[in-house]
Amino acid sequence: MSTDIKRAWGELKRRVSECQKCGLCKKRHNTVFGEGPEINCRVVIVGEGPGADEDTLGRPFVGKAGQLLTGILENGGRIPRKSLYITNIVKCRPPENRNPTREEAAACDEFLEAQLLLLHPDIVVTLGNVPTQWLLKTTQGITSLRGQWLDWRGIKLFPMFHPSYLLRNDSRSKGSPKDLTWQDVKLLKSKIDELN
Ligand code: SF4
């Protein structure tokens, strides 16, 4: 990694850790910047915001939903979690795990944009309605968008269900959210292989 890129990452992390641009800074214990390979990153996963476990540890997707996400990627798609960069549209926990507001997402957007610019991935996977609708600027829901190859500024965007939704909808029957997610992660793996 060049010194300039290293410096840009360092500066971005510092700015997020000190950020008070929206009200979510008031109750956070930690900012959750994101984690994963900062060079040669092919796929970035974008969720909506940190939950309680993430706020405590300062790491993305480490609670129950995160464990399910890891299982889906690694068992369903044979995609090592460590090969992906994982972040959220807001870097501080929304209280009571509510969705981030548009104002909060807008305040935090420059950080996500900077991360995506530095990473320059081939694929962005959005998890659930909030990041999908935010990046695509659409009101269309995740049920109709999931599993499709869409476009975000020339980068392939692939929406999938959020693992928290799957925790609340545990059925594995044909056509269930879990069944569809299993199909989606296989499509994701095929695309990654195709791009290699
Ligand atoms: Fe800053 Fe984003 Fe945290 Fe709001 S959510 S305080 S914009 S880092």
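Structure's up top.
Summarised in this report is the structure supplied together with it. (Residues numbered from 1 in each chain as written. Predicted model: local features only at pLDDT ≥ 70, side-chain atom pairs only at ≥ 80, totals over all residues. Heavy atoms only, no water.)

1. Focus on the overall build of the protein
Broken down by element type, the protein carries 8 helices and 5 strands. When its helices and strands are written in sequence order, the protein yields α-β-α-α-β-α-β-α-α-β-β-α-α. Whereas a compact globule of 196 residues would reach a radius of gyration of roughly 16 Å, the protein reaches 16 Å, a difference of no more than 12%. For the protein, the C-alpha atoms occupy an extent of roughly 45 × 40 × 30 Å along the three principal directions. Sorting the 196 residues of the protein into buried and exposed places 48% on the buried side. Of the roughly 10,000 Å² that the protein leaves accessible, carbon and sulfur atoms contribute 50%. (Helix = DSSP H or I, 4+ residues; strand = E, 2+ residues; numbered from the N terminus. Rg over C-alpha atoms; globule rule 2.2 N^0.38 Å. Buried < 20%, exposed > 50% of the residue type's maximum accessible area, 1.4 Å probe, protein only. Areas by Shrake-Rupley, 256 points an atom, 1.4 Å probe, with all protein chains shown as cover.)

2. Regarding unusual backbone geometry
Despite not being glycine, E96 has its phi angle at roughly 55°, a positive value. Positive phi, normally seen in glycine, also occurs at K137, with a value near 50°. Secondary-structure assignment places K137 in the loop between α5 (129-136) and α6 (142-145).

3. Section: the sheet that holds strand β5 (residues 155-160)
Read across the sheet, 5 strands follow the order β2-β1-β3-β5-β4 without closing on themselves; strand pairing throughout is mixed. One side of each edge strand has no neighbouring strand; the edge strands of this open sheet are β2 (85-88) and β4 (150-152). Sheet twist, expressed as the mean angle between neighbouring strand axes with direction ignored, is 30°. Sheet topology note: the strand β1 (residues 43-47)/β2 ladder contains 4 bridges and is parallel. Bridge pairing in β2 links G47 to N88. Strands β1, β2, β3 (123-127) and β4 of the sheet are contacted by helix α4 (residues 102-119), whose axis makes an angle of about 165° with β2. (Pairing = 2+ DSSP bridges. Axes fitted to C-alpha atoms, helices over the stretch in contact; angles between N-to-C directions. Contact = heavy atoms within 4.5 Å.)

4. Section: the site of the ligand
Neighbouring the ligand are the residues C19, K21, C22, L24, C25, R28, K91, C92, A107, C108 and F111. When its residues are assigned to classes, the shell around the ligand shows 8 nonpolar, no polar and 3 charged. (Near = heavy atom within 4 Å. Nonpolar A, V, L, I, M, F, W, Y, C, P; charged D, E, K, R; others polar.)

5. What to know about the pattern of salt bridges
Per the counting criterion, the structure on display carries 15 salt bridges. For D193, the salt bridge identified is with K189, shortest N-O distance 3.2 Å. Residue D193 and its partner K189 are located together in helix α8 (residues 177-195), separated by 4 residues, close to a single helical turn. One network of salt bridges, in which partners are shared, links E11, R14 and E18. (Salt bridge = Lys/Arg side-chain N within 4 Å of Asp/Glu carboxyl O.)

6. Points about the packing of aromatic side chains
By the definition in use, this model includes 4 aromatic pairs. Their ring planes at 75° and their centres at 6.1 Å tell us that W9 and F33 sit as a pair that is edge-to-face. One end of the pair, W9, is in helix α1 (residues 3-18); the other, F33, is in the loop between α1 and β1, with 24 residues separating them in the sequence. On the basis of relative accessibility, which here comes to 9%, the residue F33 falls in the buried class. Ring geometry for W149 against F158: centres 4.3 Å apart, planes inclined by 25°, an arrangement best described as stacked. Classification of F158 by relative accessible area gives buried; the value is 0%. (Phe/Tyr/Trp six-rings, centres within 6.5 Å; stacked < 30°, edge-to-face > 60°.)

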